[in-house]
Structures are given as C-alpha cells and as structure tokens.
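Understanding the architecture of this molecule
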Amino acid sequence: PHPAAPFLDKLRRDGAPVTMADPEWTPVQRQEKFYLGAHATAEMNRAFVREEMAEFMECGFWTVLPWAVAKDLQNLRISPLGVKEERNRKPRLICDHTFFGINQSTVLRTPPEAMQFGGTLNRILRAVRHADPELGDIYLSKYDIKDGFYKLFLEACDAPMLGVTLPHYEGEEPLIAIPLVLTMGWAESPPTFCA
C-alpha cells in the first residue's frame, strides 16, 4: 500500500528510465563530442581508469565498446569521464553529465520527496527519544555504501544516453563506456537511489 510501491516495482522489473527533453543527437554531434575526449583527470589516471573499468565490467556494471561500433547505437549520447581524488581512500570515477547538457536535458521522473535534505539528526534524535522502551535497547549504525548507485540498473535501451569517453590508450582503438547502472554524476541517480 506504500505510495512508492509502483515506482519501486518498475525499477525492479525494468530499471531506471533515462528520458531526455531534447531530440536524439545526430551522428555529427556524437562525433564532435566524442573527439573532445575524457576529462583531464581521467587522462592523468589512465591506469586507474582501466583497472576500475575492468572490475566494473566483470561485475556487470558497465560495458566498453570500440567507438567504431558504439557510434551507431540508438540513443547514444556522450559525456566526459573524470576521476575524483578521495582523501584516505581509492579515487572514484565521475561522469560529467553536465558538460554536454545531459543533466540539463534529463526529464526528472523520480518523486521529489525521495530526497530529504537537512534535519536528519533531528529526525533520528526524535525517533530515539520517542522509541518504546519495552522494545529494548536502541542501536544506530552508519554505512558508507560504496558504489551504491551501481546496485540499480538502467532501462537497457536507455543506457547509451549516459555513455562516457574513456582515456585514449596508445596503440588501441578509441573506446566508449556504456553504463548498465546508475552513474555517479547523473541528475537522477541520487533521488532514484534514495527512493
């Protein structure tokens, strides 16, 4: 009976939809954007990107294709891939879906109430204060859900809309990566994950 049940069931069955407000890109637009390449941070961290992407492919989160094959995929759009350095932890791959307007063109479909900013501590303290003591002790935990977005799949036919350029590796064909899951950097990933 929960109001989010139909939305969550659709995510489970079909994956998260990626819908754009503007028309599909032309082959010329794709080519121009692809040849601008990956973000400088990805180029500087080529070895890390290759290792991380290989691991993500093994897990079924991404697929990597030669540009010669991918350039003709229906719905293909391209964003530059970047690398975000993290303090005391492994860097993270970031998809800059704002650079070529992917985030700006995304039709927002996730219920806005899925994101609750501010007041978390007050809500927790209130819940603890008003908990029934008859039910026993209260325990709290906090988790860093590494790669949490990668637990939710995209609708397969929509996945090419969130494609990213990979750094160029000497002696290899230019490559593009297509996510099969929510990406770090897409406007709909946080609210979909929170839902």
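Scroll up for the structure.
What you see is a predicted model, and the numbers here were worked out from it, not measured in a lab.

Scoring rules and cut-offs
Residue positions within a chain follow its written sequence, with the count starting from 1. Whole-chain, interface and lining totals are the exception, using all residues; otherwise, since this is a predicted model, local features are given only for residues with pLDDT of at least 70 and side-chain atom pairs are given and counted only at 80 or more. In computing side-chain properties, one takes all heavy atoms of the structure into account and sets aside hydrogens as well as water. Each salt bridge in this description consists of a side-chain nitrogen of Lys or Arg and a carboxyl oxygen of Asp or Glu lying within 4 Å of one another. For every residue, the accessible area obtained with a 1.4 Å probe (protein chains only) is divided by the maximum for its type, and the residue is called buried under 20%, exposed over 50%, and partly exposed between those limits. Only buried residues count toward a nonpolar core. Its members are Ala, Val, Leu, Ile, Met, Phe, Trp, Tyr and Cys residues joined through side-chain atoms within 4.5 Å. Should any heavy atoms of two residues lie within 4.5 Å, those residues are considered in contact. What counts as a helix is a DSSP run of H or I of at least four residues, what counts as a strand is a run of E of at least two, and both are numbered from the N terminus. Note: the arc covers the axis-to-C-beta directions of the helix. Think of a patch as exposed residues, more than 30% relative accessible area, with no salt bridge, where like charges cluster within 9 Å and nonpolar side chains (Val, Leu, Ile, Met, Phe, Trp, Tyr) cluster within 5 Å. Method for areas: the Shrake-Rupley scheme with a 1.4 Å probe, in which residue coverage is limited to the protein chains shown. Pairing of aromatic rings covers Phe, Tyr and Trp, the last counted by its six-membered ring, and requires centre-to-centre distances within 6.5 Å; plane angles under 30 degrees mean stacked, over 60 mean edge-to-face, and any other angle means tilted. Remark: a charge is flagged as sitting over a ring if the NZ atom of Lys or the CZ atom of Arg is within 6 Å of the ring centre and within 35 degrees of the ring normal. A pocket here means an open set of points on a 1 Å grid, computed over the protein atoms alone, that has protein on both sides within 12 Å along at least five of seven lines. A cavity is instead a set of points where a 1.4 Å probe fits but cannot get out; residues with an atom within 4 Å of a point line either one. Grid points are joined across faces, edges and corners, and a volume is the space filled by probe spheres set on the points. As a working rule, the residues Ala, Val, Leu, Ile, Met, Phe, Trp, Tyr, Cys and Pro are called nonpolar, Asp, Glu, Lys and Arg charged, and the rest polar, with Gly in that last group. Given the number of residues in a helix, its expected span is that number minus one, multiplied by 1.5 Å.

Let us look at the pattern of salt bridges. Between side chains of opposite charge, a pair can form when the charged atoms approach closely. For the structure shown, the criterion picks out 13 salt bridges. Residue Lys84 pairs with Glu86 through a salt bridge whose shortest N-O separation is 2.9 Å. Classification of Lys84 as partly exposed rests on a relative accessible area of 41%. Each of the salt bridges in this network shares a partner with another, and the network as a whole consists of Asp9, Arg12 and Arg13.

This paragraph deals with the nonpolar core. In this structure, Val49, Met53, Trp62, Leu81, Leu93, Leu154 and Leu166 are the most contacted members of the largest nonpolar core, which totals 41 residues. Sequence-distant contacts of Leu154, that is, excluding residues within four places in its chain, are made with Asp14, Gly15, Ala16, Val18, Ala159, Leu162, Pro179, Leu180, Val181, Leu182 and Trp186.

Even without being glycine, Asn75 reaches a positive phi, approximately 70°. If you trace the backbone, Asn75 turns up in the loop between helix H5 (67-70) and strand E2 (78-84). For Asn75, a relative accessible area of 19% corresponds to the buried category. Of note, the phi angle at Asn88 is positive, near 60°, even though the residue is not glycine. Along the chain, Asn88 falls in the loop between E2 and strand E3 (92-95). With a relative accessible area of 74%, Asn88 lands in the exposed category.

All right, on to helix H2 (residues 27-34) then. Those residues of H2 that fall on the buried side of the exposure criterion are Arg30, Lys33 and Phe34. Projected onto a plane normal to the axis of H2, the buried residues spread over an arc of 100° and lie on a single side.

Together, Ile124, Val128, Ile138 and Leu140 give the surface a local cluster of nonpolar side chains, amounting to about 340 Å² of exposed area. Along the polypeptide, Val128 turns up in helix H7 (residues 120-129). Owing to a relative accessible area of 31%, Val128 belongs among the partly exposed residues under this scheme.

Take the packing of aromatic side chains next. Across all of its chains, the model carries 7 aromatic pairs by this definition. Summarising the aromatic geometry, the rings of Phe34 and Tyr35 are spaced 5.3 Å apart at their centres and angled 80° between planes, so their arrangement reads as edge-to-face. Residue classification places Tyr35 among the exposed positions, given a relative accessible area of 51%. With 4.9 Å between their ring centres and 80° between their planes, Phe99 and Phe100 make a pair best called edge-to-face. Lying over the aromatic face of Trp25, Lys33 brings its terminal NZ or CZ to 4.8 Å of the ring centre. Residue placement shows Arg50 over the ring face of Tyr169; its charged tip is 4.3 Å from the ring centre.

Let's shift gears to empty space enclosed by the protein. Overall, the coordinates contain 1 cavity of 30 Å³ or more when judged by the stated rule. By volume, the largest cavity is sized at about 50 Å³. Lining the largest cavity we find Phe7, Leu11, Ala16, Pro17, Arg109, Thr110, Trp186, Glu188 and Thr192. Among the residues forming the lining of the largest cavity, the class breakdown is 5 nonpolar, 2 polar and 2 charged.

Turning our eyes to something else, we now look at helix H4 (residues 46-58). An ideal rise of 1.5 Å per residue puts 18 Å on 13 residues; H4 measures up with 18 Å between its terminal C-alpha atoms. Buried residues of H4: Phe48, Val49, Glu52, Met53 and Phe56, and no others. For H4, the buried positions fall inside an angular range of 120° around the axis, keeping them on one side. Exposed and facing more than 90 degrees away from the buried side of H4 are Ala47, Glu51 and Glu58. In this structure, the buried residues of H4 make contact with helix H3 (40-44), strand E1 (62-66), E2, E3 and strand E5 (175-179).

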